[in-house]
Every structure is written in C-alpha cells, then in structure tokens.
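Residues per chain are reported as follows:
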Amino acid sequence: MPRPPRKEGSALTHLDRILSGVREELSVRKAHVPIGDLLRIASMRGPAKDLLCTIPEGPGIIAEIKRASPSRGWIRRDLDAVATAGAYLAGGAWAVSVLTEGRSFGGSLADLSGVHAAFPDAALLRKDFVLDDYMLAESRAHGADLVLLMVSVLGEKTAEMAARAFTHRLEPLVEARDAAEIAIAARSGARLIGINNRDLDTLTVDLATGLRLLPLLPAGTYPVVESGISTADQVRDFHRAGARLFLIGEALAGSKDPAATIRGYVGK
C-alpha cells in the first residue's frame, strides 16, 4: 500500500509535511490540465532512450538541479536550471536530475521543460514525490526520460508504478532506504535501484546506510547511491563497494564550478 495519510494525533514527520503539499499541488494541476492533454503531449516525445547501455563502467553522475531542501533551506535561490544543466553536461554528467517539487525544494515542471528544450538529447530524471499515473504522464510530457519512485511513499504499489512508468516510456529509478524497502524494490522489476542515505522522516544522513545495503541489491540491477555524497573520495569508496551511479544535488548546486566538480568525481 502507498504511505497512508498521518493518523490523528500522531507525530508529523518531514516526509508527511512534504507529501501533504505534493497532494495539494497535484490536485490543482489535475483540475487545470486533464491527463488526456498530458498523454497527447507525451506521445510526441518519441521512443524511450536506451539509457542503460550508456552507463559508464566508472562512476556515473546524476547531477541534480536543486535550489533548496528541507534540511538546508535555500541553497541557491537564483539557480538557473538551463545554465546549470549545461554546466553539468559539460562536466560529463550521465544524466541531469530536475527537482520539480516547489514548496520544499524550489523546483517546478517549467524547469524540466526548459532543460529538455535546451538539451533534448540529454537523459533527464524527474525527481519528485510521484504518487500516481497522472504524475507519470506529466513527467513524460515535460521531457523526462527517468522518474524517481520512492518505496517509502508508494509501498507495495511500487511494482505497479514501475510497470506503469515503462508504459509511459520512462525508466524508473526505485528508491529504498532499508532492507525491507530493498525487498520491495527488487520485486518491482526496476533496473535502477537507489539507496537513499537520508532518512526523509528525520532528514538525517548516514553514509553507512549505503555501504550496508549495497550488497542486498539483486544481481542485474544498477545500484544508485543518493544523498550525502560531496567528495571524490566518497564517490570512489562507494564505486569500489559496487555503486554505479551517484545522485548528487547539494554539493553541485553549491559549487562555484560544477563542471569541474563533476570531472573530479569521475576522475577526468
């Protein structure tokens, strides 16, 4: 089952607050843009990109466009999504992640559309708290090639949503944060499984989480490490432990030269 609404009287976690806002904003978008309109636009996006064959043997970077976070507040209020994506790609990023949640992260679907228009051949991940088929159609319509699906949000609905993502010509990146969630991710059929070092209920980061959970990922999947990565040494350590891709946001958004920072991560 998806993450249920908070019970009356129970403590409100950071993730609960974010999801409440996501549901409110989603209801507004659904009222203004019918899913049929999204599907018509998405149908013109062409076939799915063959992304997995482009994953490098060395560390691959999914570089994130991230203006703010619940843990840090504003990182770069004036961040230009298109210019930042250009710098990321110039540095050798495997893909660009565009945060589209607005209330806590300062993102928007306009950022995703703008980056896609400027770099139509780039691999783009829509990072948001995806809840249903509408948001999948929305992701493809605005130019995404990959979509983040969070087990902590979707629960046992994860496999259904991963299957739906494929029908929308989206590659699902299924995110887990403990052994139980990895078991759900493994049953989803996703080829990209992410381990989040951040506990979204408390916002605390523990890099030991990724090192502990990497051996639990099923053979044939591509491990992605998320959250808390900031140095080239950390990238190398996780890569030696089996990680193939690294979703990095705050360290790049705050970098004065993100292209050079990415080159340092990948050893170029």
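The structure displayed is predicted, hence computed values, not measured ones. (Residues numbered from 1 in each chain as written. Predicted model: local features only at pLDDT ≥ 70, side-chain atom pairs only at ≥ 80, totals over all residues. Heavy atoms only, no water.)

## Focus: the pattern of salt bridges
At step 1: Tallied over the full model, the rule gives 24 salt bridges.
At step 2: Taking the shortest distance from any N to any O, the salt bridge between E138 and R126 comes out at 3.0 Å. Residue E138 is found in helix α5 (residues 133–141), and its partner R126 is found in strand β5 (residues 124–127); the two are separated by 12 residues along the sequence. Residue E138 shares its accessibility class with R126, and that shared class is buried.
At step 3: With its nearest N and O atoms 3.5 Å apart, the salt bridge here joins E181 to R177.
At step 4: Assessed through its relative accessible area of 11%, E181 is described here as buried.
At step 5: When salt bridges that share partners are traced, they join R29, R126, D128 and E138 into one network. (Salt bridge = Lys/Arg side-chain N within 4 Å of Asp/Glu carboxyl O. Helix = DSSP H or I, 4+ residues; strand = E, 2+ residues; numbered from the N terminus. Buried < 20%, exposed > 50% of the residue type's maximum accessible area, 1.4 Å probe, protein only.)

## Considerations on the sheet that holds strand β9 (residues 222–226)
At step 1: Pairing within the closed barrel is parallel, and its eight strands lie in the order β1-β4-β5-β6-β7-β8-β9-β10. Adjacent strand axes in the sheet meet at a mean angle of 25 degrees when their direction is disregarded.
At step 2: Against the sheet, helix α8 (residues 179–187) touches β7 (171–176) and β8 (192–196), its axis set at about 160 degrees to β7. (Pairing = 2+ DSSP bridges. Axes fitted to C-alpha atoms, helices over the stretch in contact; angles between N-to-C directions. Contact = heavy atoms within 4.5 Å.)

## Thoughts on the side chain of H116
At step 1: By the secondary structure assignment, H116 is in helix α4 (residues 109–118).
At step 2: The class of H116 is buried, set by a relative accessible area of 15%.
At step 3: Non-local contacts of H116, meaning those with residues more than four positions away in its chain, are made with R45, L124, H142 and G143.

## Overview of the nonpolar core
At step 1: Membership of the largest hydrophobic core comes to 84 residues, with the highest contact counts inside it found for I61, I65, F129 and L149.
At step 2: Filtering out sequence-adjacent residues up to four positions away, F129 remains in contact with L15, I18, L19, V22, E101, F105, M135, M150, V153 and L200. (Core = buried A, V, L, I, M, F, W, Y, C linked by side-chain atoms within 4.5 Å.)

## Focus: the environment of L131
At step 1: Its place among the elements puts L131 in the loop between β5 and α5.
At step 2: Residues L131 and M161, spaced 30 residues apart in sequence, show a C-alpha to C-alpha distance of 8.6 Å.
At step 3: Setting aside anything within four residues of it in sequence, one finds L131 in contact with L19, V22, R23, L26, V153, L154, K157 and M161.

## Observations regarding the layout of surface pockets
At step 1: Taken as a whole, the largest pocket holds about 380 Å³ of empty space.
At step 2: Lining the largest pocket are 27 residues, and of these K66, K127, R198, S227 and E250 lie nearest its centre.
At step 3: If you list the elements that add at least two residues to the lining of the largest pocket, you get β6 (146–150), β10 (245–248) and α11 (250–253).
At step 4: Residue composition of the lining of the largest pocket, grouped by class: 12 nonpolar, seven polar and eight charged.
At step 5: Roughly 180 Å³ of volume is contained in the second largest pocket. (1 Å grid on protein atoms, 1.4 Å probe; cavity = no way out; pocket = protein on both sides within 12 Å on 5 of 7 lines; lining within 4 Å. Points joined across faces, edges and corners; volume = space filled by probe spheres on them. Nonpolar A, V, L, I, M, F, W, Y, C, P; charged D, E, K, R; others polar.)

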